[in-house]
Amino acid sequence: MKLDRVIAVRNDKTIYRDGDVCVKVFNSDYSKADVLNEALNQARIEETGLNIPKILEVTMVDGKWAIVSEYIKGKTIAQLMEEDPENKDKYIEQLVDIQLSVQAKTCPMLNKLKDKMNRKISQSNLDATTRYELHTRLEGMPKHNKVCHGDFNPSNVIIAEDGTAFILDWSHATQGNASADAARTYLLFWLSGDIAGAEKYIDTFCKKSDTAKQYVQKWMPIVAASQSVKGNEKEREFLYSWVNVVDYE
């Protein structure tokens, strides 16, 4: 494997291109279980028929775990929005359409969203009273079994040269309530500093999915709390503000 073309660098992984394949190499201290779970998620999502890069191999590179997938040539929706800001609304609509195509699928072997969120809320640094309120609210939310991406944002969708959309990065995939996934995407727009994009996104999602905005908003504190566990210090402060601004019923 020739790992001399870096496509992206994240906190705990580096992604390379080698011809027609993409090699995601995780840091040496990255959990083996998490790598294998990500590969398993990706394999299971392949079986739903969604357009995703096919997984080819799980291997080790210089003592580090790596996932090898197809390389998809194209541009992410984030790149397209940056290059063509006048058509940003159109790209957000496209993003929502792709997200709804994901949520139209079921994948019974995926982990359950509610279980993951309950675990994350328990791991958070929030005080016991707030954690109790969040667990209670989460328990009262409707149980669904739709495929939820878990990190659905404009940089995780590539539009190939023939116009086909491919969805990347399935490490956070679960099955659960689509509105929780929409709340997560909304917060990701906020975290990237794109407040106008966040508002356009949530309005478009609610309109196209015929979902009440208030219903997605009820998920915000739950999603923010569960997300705060892996965020950096600055992100954590921001996410805690979302947990605290909402009055619990």
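Computed from a prediction, not measured in an experiment: that's the story for all the values here. (Residues numbered from 1 in each chain as written. Predicted model: local features only at pLDDT ≥ 70, side-chain atom pairs only at ≥ 80, totals over all residues. Heavy atoms only, no water.)

Novice: Can you help me understand the pairing of strand 5 (residues 64-70) in this one?
Specialist: Along a regular strand, successive side chains alternate from one face of the sheet to the other. Inspection of the sheet shows strand 3 (residues 21-26) paired to strand 5 by five bridges, in the antiparallel sense. Paired with Val23 across the strands is Val68, a residue of strand 5. Alignment of strand 4 (residues 55-61) against strand 5, held across six bridges, turns out to be antiparallel. From the neighbouring strand, Met60 faces strand 5, where its bridge partner is Trp65. (Pairing = 2+ DSSP bridges. Helix = DSSP H or I, 4+ residues; strand = E, 2+ residues; numbered from the N terminus.)

Novice: Sorry, what's going on with the state of the cysteines here?
Specialist: By definition, a disulfide links two cysteine residues through a covalent bond between their sulfur atoms. Scanning all chains against the criterion turns up zero disulfides. Cys107 provides the cysteine sulfur closest to Cys148, a residue in no disulfide bond, and the two sulfurs are 11 Å apart. What makes Cys148 buried here is its relative accessible area of 0%. No disulfide involves Cys206; its sulfur sits 15 Å from the nearest other cysteine sulfur, which is in Cys148. Judged by its relative accessible area of 8%, Cys206 falls in the buried class. (Disulfide = S-S within 2.5 Å. Buried < 20%, exposed > 50% of the residue type's maximum accessible area, 1.4 Å probe, protein only.)

Novice: What's the story with empty space enclosed by the protein in this structure? I'm lost.
Specialist: A probe as big as a water molecule, rolled over the atoms, marks out the empty space that is left. Summed over all chains, the structure comprises one cavity of 30 Å³ or more. The space that makes up the largest cavity amounts to roughly 220 Å³. Lining the largest cavity are 14 residues, and of these Lys116, Gly150, Arg184, Ser226 and Gln227 sit closest to its centre. It is helix 4 (residues 113-123) that contributes the most residues to the lining of the largest cavity, four residues altogether. (1 Å grid on protein atoms, 1.4 Å probe; cavity = no way out; pocket = protein on both sides within 12 Å on 5 of 7 lines; lining within 4 Å. Points joined across faces, edges and corners; volume = space filled by probe spheres on them.)

Novice: Please clarify how the pattern of salt bridges should be interpreted in this entry.
Specialist: Two side chains that carry opposite charge are able to pair once their charged atoms sit near each other. Applying the stated criterion to the full structure yields twelve salt bridges. Arg184 serves as the salt-bridge partner of Asp151, at 3.6 Å between the closest nitrogen and oxygen. Of this pair, Asp151 sits in the loop between strand 7 (146-148) and strand 8 (157-160) while Arg184 sits in helix 6 (residues 178-191), placing them 33 residues apart in sequence. For Arg184, a relative accessible area of 7% corresponds to the buried category. Between Lys213 and Asp203 there is a salt bridge, with its nearest N and O atoms 2.9 Å apart. With Lys213 in helix 8 (residues 213-227) and Asp203 in helix 7 (residues 195-209), the pair connects residues that are ten residues apart, well separated along the chain. The class for Lys213 is partly exposed, based on a relative accessible area of 27%. The class of Asp203 is partly exposed, set by a relative accessible area of 39%. (Salt bridge = Lys/Arg side-chain N within 4 Å of Asp/Glu carboxyl O.)

Novice: Before we go on, may I ask you to explain the sheet that holds strand 1 (residues 5-9) in this structure?
Specialist: Pairing between the strands of a sheet is mediated by backbone hydrogen bonds and can be parallel or antiparallel. Taken in spatial order, the five strands make up an open sheet running 1-2-3-5-4, and their pairing is antiparallel. The open sheet has two free edges, formed respectively by strand 1 and strand 4, since each of these has just one partner strand. Across the sheet, the mean angle from the axis of one strand to that of its neighbour is 25°, orientation sign disregarded. Sheet contacts for helix 1 (residues 32-46): strand 3, strand 4 and strand 5; angle to strand 5, the most-contacted strand, approximately 15°. (Axes fitted to C-alpha atoms, helices over the stretch in contact; angles between N-to-C directions. Contact = heavy atoms within 4.5 Å.)

Novice: I'm lost on the sheet that holds strand 9 (residues 165-167) in this one. Help?
Specialist: Ordered in space as 6-8-9, the three strands form an open sheet in which the pairing is antiparallel. Of all strands in the sheet, those with a lone pairing partner are strand 6 (74-76) and strand 9, marking the two edges. Neighbour-to-neighbour, the strand axes of this sheet turn through a mean angle of 30°, independent of strand direction. In the packing of helix 3 (residues 88-103) onto the sheet, contacts are made with strand 8 and strand 9, and the angle to strand 8 comes to roughly 105°.

Novice: Where do I start with the layout of surface pockets in this structure?
Specialist: Approximately 150 Å³ is the volume found for the second largest pocket. Taken together, Lys112, Leu113, Lys114, Asp115, Pro142, Lys143, His144, Asn145, Gln175, Gly176 and Asn177 make up the full set of residues lining the second largest pocket. Elements represented by at least two residues in the lining of the second largest pocket include exactly helix 4 and strand 10 (174-176). Of the residues that constitute the lining of the second largest pocket, the class distribution is two nonpolar, five polar and four charged. (Nonpolar A, V, L, I, M, F, W, Y, C, P; charged D, E, K, R; others polar.)

Novice: I'm lost on the packing of helix 3 against helix 7 in this one. Help?
Specialist: Interaxial distance between helix 3 and helix 7 falls to 9 Å at its minimum, and their mutual angle equals 50°. Judged by the angle between their axes, helix 3 and helix 7 are oblique. Crossing hand, helix 3 versus helix 7: right-handed. On helix 7, the residues touching Lys88, Asp89, Ile92, Glu93, Val96, Asp97, Gln99, Leu100 and Gln103 of helix 3 are Gly197, Lys200, Tyr201, Thr204, Phe205, Lys208 and Ser209. By residue class, the composition of the contact of helix 3 with helix 7 is five nonpolar, five polar and six charged. (Parallel < 35°, antiparallel > 145°, perpendicular 65-115°, else oblique. Left-handed = near helix turned anticlockwise from the far one by under 90°.)

As far as function goes, none of this settles anything; it's purely spatial.
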